[in-house]
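# Topology and contacts: notes
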Amino acid sequence: MLNLERLRVLCLVARYGSVGAAADMLHVTTSSVSQQIAKLERETGTDLLLRHGRGVRLTAAATLLVDHAERILSMMSEAEAHLHAQLGKVVGTLTVGAFPTAARGLLPAALRLLGERHPSLVVRVEEMDFQSPLVRVGRGELDLGLVQDWENAPMTLPDGLHRATLMADVAEVALPADHPLAGPGRDWIAVDEVLGERWISRTVGSTCHDWLIHTLRAHDAQPRIEHTVIEYSTQLAMVAAGMGLAMVPRLGQGPVPAGVRVLPLRPVLGRSIYAVWRADNAGRPAVRHAVAALRAAAQSA
């Protein structure tokens, strides 16, 4: 009989194209993954992987196994969700992926609520930036993902996923307190007032960096990004030092340091934050209660 866990390992190798990448996803050594594949090859009596450059290529037999294994694993996940739903138990392990501002602004409060209400549930969080949780949820690597879309870049939800809106957020401009646009009579800033400014942005490839580029270019301006900084708190510290302006979501601001004024932008640049999960997990109580906790956290954010 084929070993299900070894089939799961083979599916990850197929998905990521290398033994090393599969090992990273499983948080095990490359040698451990190779051993699992070797045992599966002995069970099936055939070769499953062929070296291909720096990665591997699946044999025809491996492709056949992966096709069946993915359906079996999906059915098992659905069966587990239905069983938990029937028993009404909020138990097991729930894996959650989130982009940084949601990980900081929503998850701590939600996790505290879940821990108080459902102490038998183990929640494991992974913060991610450049890789969207949406992809990982669709692949079955995460049970729940926190994702976002901006008004000027709406998200398309892939088939087989459900979503719930958690909250709306807006972008604001952080300026040095002595900046001409930060005077006491100002309640907001128009986008066209800051087109020629120096900017402090998140790193290239991040959602917020791309969003800033898109927003400024939409107004026929070439962005002057002079500093790239990962943390919003560091961006605000650099704004306080007079190094430029920063465009930050309200959820991601945290405490605003002395010497910085944050003003709303006009027209408003808004984003929506969602929880997403697979359809075959929809009946699982852990998912349902986690979404309820996230909604409660969003209301107080």
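Just above sits the structure.
Read on for a plain summary of the structure. This one's a predicted model, so the numbers in the text were calculated from it and none came from an experiment. (Residues numbered from 1 in each chain as written. Predicted model: local features only at pLDDT ≥ 70, side-chain atom pairs only at ≥ 80, totals over all residues. Heavy atoms only, no water.)

### Topic: the side chain of Glu141
In plain terms, the rule: Secondary structure follows DSSP: runs of H or I at least 4 residues long count as helices, runs of E at least 2 residues long count as strands, and numbering of each begins at the N terminus. Buried means the residue's accessible area, taken with a 1.4 Å probe over protein chains only, is under 20% of the maximum for its type, while exposed means over 50%, and partly exposed covers the values in between. In protein, a polar contact means a hydrogen-donor-capable atom and an acceptor-capable atom, both N or O and within 3.5 Å, with residues adjacent in sequence counting only if both atoms are side-chain atoms; elsewhere, any N or O pair within 3.5 Å suffices.
Relative to the helices and strands, Glu141 is located in the loop between helix H7 (133-138) and strand S5 (144-150). Residue Glu141 is classed as buried on the basis of its relative accessible area of 15%. Polar side-chain contacts of Glu141 include one of 3.2 Å to the side chain of Arg15. Here Arg136 takes part through its side chain, which lies 2.6 Å from a polar atom of the side chain of Glu141.

### Considering the packing of helix H1 (residues 4-16) against helix H2 (residues 19-26)
What counts, and what does not: Axis definition: a line fitted to C-alpha atoms, limited for helices to the stretch in contact. Angles are taken between N-to-C directions and run from 0 to 180 degrees. An angle counts as roughly parallel when it lies under 35 degrees, as roughly antiparallel when it exceeds 145, as roughly perpendicular when it falls between 65 and 115, and as oblique in every other case. The handedness criterion is simple: a crossing whose near helix is rotated anticlockwise from the far helix by less than a right angle is left-handed, and one whose near helix is rotated clockwise is right-handed. Whether two residues are in contact is decided by their heavy atoms: any pair within 4.5 Å suffices.
Where H1 meets H2, the axes come as close as 8 Å, and the angle between the chain directions of the two elements is 120°. It follows that H1 is oblique to H2 by the angle criterion. At the point where H1 passes H2, the crossing takes the right-handed sense. Mapping the contact onto sequence places Val9, Leu12, Val13 and Tyr16 in H1 and Val19, Ala21, Ala22, Met25 and Leu26 in H2.

### As for the nonpolar core
Note the cut-off: We call a set of buried residues a nonpolar core when its members are Ala, Val, Leu, Ile, Met, Phe, Trp, Tyr or Cys and they connect through side-chain atoms within 4.5 Å of each other.
Residues Leu175, Ile189, Trp199 and Met247 are the most contacted members of the largest nonpolar core, which totals 32 residues. For this core, the secondary-structure elements that each account for two or more residues are strand S6 (161-176), strand S8 (198-201), helix H8 (207-217), helix H9 (232-240), strand S10 (246-249) and strand S11 (260-266). Not counting the four nearest positions on each side in its chain, Leu175 is found in contact with Leu181, Ala182, Ile189, Val239, Leu245, Gly259, Val260, Arg261 and Leu263. Core analysis: the second largest hydrophobic core is formed by 30 residues, Leu94, Phe99, Ala103 and Met167 among them.

### Focus on the packing of helix H6 (residues 107-117) against helix H10 (residues 285-299)
Each pair of packed helices can be described by the angle between their axes along with the distance between the axes. Put simply, the rule is: Ten residues, namely Ala, Val, Leu, Ile, Met, Phe, Trp, Tyr, Cys and Pro, are considered nonpolar, four, namely Asp, Glu, Lys and Arg, are considered charged, and the remaining ones, Gly among them, are considered polar.
Here H6 crosses H10 at 130°, and the two axes come no closer than 8 Å. On the basis of their axis angle, the class for H6 and H10 is oblique. In the packing of H6 onto H10, the handedness of the crossing is right-handed. Mapping the contact onto sequence places Leu107, Ala109, Ala110, Leu113 and Leu114 in H6 and His289, Ala290, Ala293, Leu294, Ala296 and Ala297 in H10. When its residues are assigned to classes, the contact of H6 with H10 shows 10 nonpolar, one polar and no charged.

### Describing the pairing of strand S3 (residues 92-98)
What counts, and what does not: Here, a strand pair is defined by DSSP locating no fewer than two bridges between the strands.
Where S3 and strand S4 (residues 121-127) come together, seven bridges link them in parallel fashion. Its bridge partner lying in S4, Thr95 is registered against Arg124. Taken together, the three bridges between S3 and S5 define a ladder with parallel strand orientation. Note that in S5 the partner of Val96 across the bridge is Leu144.

### Considering the pattern of salt bridges
Put simply, the rule reads: Any carboxyl oxygen of Asp or Glu that lies within 4 Å of a side-chain nitrogen of Lys or Arg is treated as forming a salt bridge with it.
Inspection of the entire model under this criterion finds 15 salt bridges. The residue Glu126 makes a salt bridge to Arg136 at a minimum N-O spacing of 3.1 Å. One end of the pair, Glu126, is in strand S4; the other, Arg136, is in helix H7, and 10 residues separate them in sequence. Take Glu126: its relative accessible area is 31%, and that puts it in the partly exposed class. Its salt-bridge partner being Asp169, residue Arg271 comes within 2.8 Å of it at the nearest N-O pair. With Arg271 in strand S12 (residues 270-278) and Asp169 in strand S6, this pair connects stretches of sequence that are 102 residues apart.

### What about the packing of aromatic side chains?
One pair of aromatic rings is described through two measures. These are the centre distance and the angle between the planes. Put simply, the rule is: When two rings of Phe, Tyr or Trp (its six-membered ring) have centres within 6.5 Å they constitute a pair, described as stacked for plane angles under 30 degrees, edge-to-face for angles over 60, and tilted for the intermediate range. Think of it as a cone above the ring: NZ of Lys or CZ of Arg counts as a charge over the ring if it is within 6 Å of the ring centre and within 35 degrees of the ring normal.
With the rule as written, the count across this model stands at zero aromatic pairs. Above the plane of the ring of Tyr274 lies Arg163, whose end atom (NZ or CZ) is 4.3 Å from the centre.

### Description of the environment of Ser18
When you line up the elements, Ser18 lands in the loop between H1 and H2. Its relative accessible area of 17% is what places Ser18 among the buried residues. For the pair Ser18 and Asp169, spaced 151 residues apart in the sequence, the C-alpha separation amounts to 39 Å. A polar side-chain atom of Ser18 sits 3.0 Å from the main-chain amide nitrogen of Ala21.

### Thoughts on the environment of His289
Relative to the elements of secondary structure, His289 occurs in helix H10. Along the primary structure His289 and Leu113 are separated by 176 residues, whereas in three dimensions their C-alpha atoms are 9.7 Å apart. With near-sequence residues (within four places) excluded, His289 lies in contact with Val90, Leu114 and His118. Within the structure, His289 has its side chain in polar contact with the side chain of His118 (distance 3.3 Å).

### Some thoughts on unusual backbone geometry
A cis amide bond links Arg266 to the next residue, Pro267, at an omega of -5°. Residue position: Pro267 is located in the loop between S11 and S12. Located in the positive-phi region is Asp220, a residue other than glycine, with phi close to 60°.

Just distances and angles here, no functional claims.
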